[in-house]
Amino acid sequence: MSENILNNIKSWIPIRFYLENNEPYLDWCFTNNIQFTDIFWDKTIEKILENHFCKFFRPQTSFQFLQDRMGNVDYLIPNGFIFHTSHCGSSLLLRLISNIQQSIIISEASIINSIIHYQINNPNKISNNISYLNSICNVLCQKFNEKEECSVIKFNPWHILEYFFIKETFSNIPCLFLYRNPLEVLGSFFINENFGFNPLVPSYYGINGNVKNIFDKNVSDLTLLYGTILNIYNRNSNLKNILIIDYSNLIKNLDLILSFFNIKQKNIDLEKIMKLDSKNQETIFKEDSIKKQDFIKNRFGDLSNNYLFKFYNKLNEISVK
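Everything quoted here is computed from the prediction, not taken from an experiment.

Moving on: helix α13 (residues 289-300). Here α13 is twelve residues long and its end C-alpha atoms lie 16 Å apart, about the 16 Å a rise of 1.5 Å per residue gives. For α13, the set of buried residues is Ser-289, Lys-292, Gln-293 and Ile-296. Buried residues in α13, looked at end-on, bunch into an arc of 100 degrees, giving them a common side. With respect to the buried face of α13, the exposed residues turned more than 90 degrees away are Ile-290, Lys-291, Asn-298 and Arg-299. Taken together, the buried residues of α13 touch α9 (182-191) and α10 (214-235). Immediately downstream of α13, the backbone of Gly-301 shows phi near 85 degrees, a positive value.

See the structure below:
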């Protein structure tokens, strides 16, 4: 029944990936051609589900149903992937891109997270999982507006650990890695009252089992992420497809990033955009990098000899200045 209704999947997107009798299925939602420009994909889905039809009429199909119909979907191959270590300018960059060009922004989509999680637990099905990730990313980047010219996918921080799996699926997509002074990232976790103390790396990776508190867990997670970026850089034979940038150098390298993603440039009111908080456009942005550094130093002591800072300093050596 659902598959007959969804024979033409234009204006529909999958919003949930799940297993039924150990087979992959999808939960679909009618988008009403809404534009995906929010800083977080799930926020756009929440807006869509405020419509009663979209909320209660949710067809379910096999994953094979999507793969069989991808040939009829008008989608934009992603211009670039953004990997980040959290609180390091990725939301600001998406905000800028959406103002520069009609864009499809897929940011930390929970369904992509579910599929990558599924791959971790089913490594023997990797060939199928590659096609799963390919189909999901492409259908999420389908065009609902003829003026849409580019698409960008931002992954969750821990997806850095799955970079090589992701690149098996999209071998030629330019990848930007954003990072930041770890004291400022840690400060964001503890100063921002609205931020949940969620670990950057999920527990199902089976690491960090001996840490005793959330601060040590976040330090350990950041160390792993920074070290993984260095490993990716050292192992990658095509460094032309990799760009590594520190938060402090993001804005001055905006033109470089746009060129790297092959996004057409135009004049925008950069000062106006940067006046507002990138995650909450109703809040004025306040530069607090020094405050965050001082907060962590005063509360948790000196971390300069930690491996986290050794990796951070090595990233500074290879990143764009």
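It is worth spelling out the pattern of salt bridges at this point. Enumeration according to the criterion identifies seven salt bridges in this entry. For Arg-58, the salt bridge is made with Asp-27, and the minimal N-O distance between the two is 2.7 Å. Highlighted residues: Arg-58 in the loop between α3 (52-56) and β3 (60-62) and Asp-27 in strand β2 (residues 23-30), separated in sequence by 31 residues. By relative accessible area, which is 3% here, Asp-27 ends up buried. Between Asp-221 and Lys-217 there is a salt bridge, and its shortest N-O distance comes to 2.7 Å. One end of the pair is Asp-221 and the other is Lys-217, both in helix α10 and four residues apart, which spans about a single turn. Look at the salt bridges and you will find they share partners, linking Arg-16, Asp-27 and Arg-58 into a network.

Read from one edge of the open sheet, five strands run β5-β6-β4-β7-β8, paired in parallel fashion. The open sheet is flanked by β5 (103-107) and β8 (242-246), the only strands paired with a single partner. Strand-to-strand, the axes of this sheet are offset by a mean angle of 20 degrees, without reference to chain direction. Here β5 pairs with strand β6 (residues 150-154) via five bridges, running parallel.

What follows deals with the nonpolar core. Ranked by internal contacts, the top residues of the largest apolar core, which has 73 residues, are Trp-41, Ile-106 and Ile-112. Among the elements that line this core, the one with the most residues is α10, at eight residues. Among the nonpolar cores identified, the runner-up in size contains 25 residues, and Cys-88, Tyr-247, Leu-254 and Ile-257 belong to it.

Definitions and limits used
Residues numbered from 1 in each chain as written. Predicted model: local features only at pLDDT ≥ 70, side-chain atom pairs only at ≥ 80, totals over all residues. Heavy atoms only, no water. Helix = DSSP H or I, 4+ residues; strand = E, 2+ residues; numbered from the N terminus. Expected span 1.5 Å × (residues − 1). Buried < 20%, exposed > 50% of the residue type's maximum accessible area, 1.4 Å probe, protein only. Arc of directions from axis to C-beta. Contact = heavy atoms within 4.5 Å. Salt bridge = Lys/Arg side-chain N within 4 Å of Asp/Glu carboxyl O. Pairing = 2+ DSSP bridges. Axes fitted to C-alpha atoms, helices over the stretch in contact; angles between N-to-C directions. Core = buried A, V, L, I, M, F, W, Y, C linked by side-chain atoms within 4.5 Å.

Purely geometric numbers; function is a separate question.
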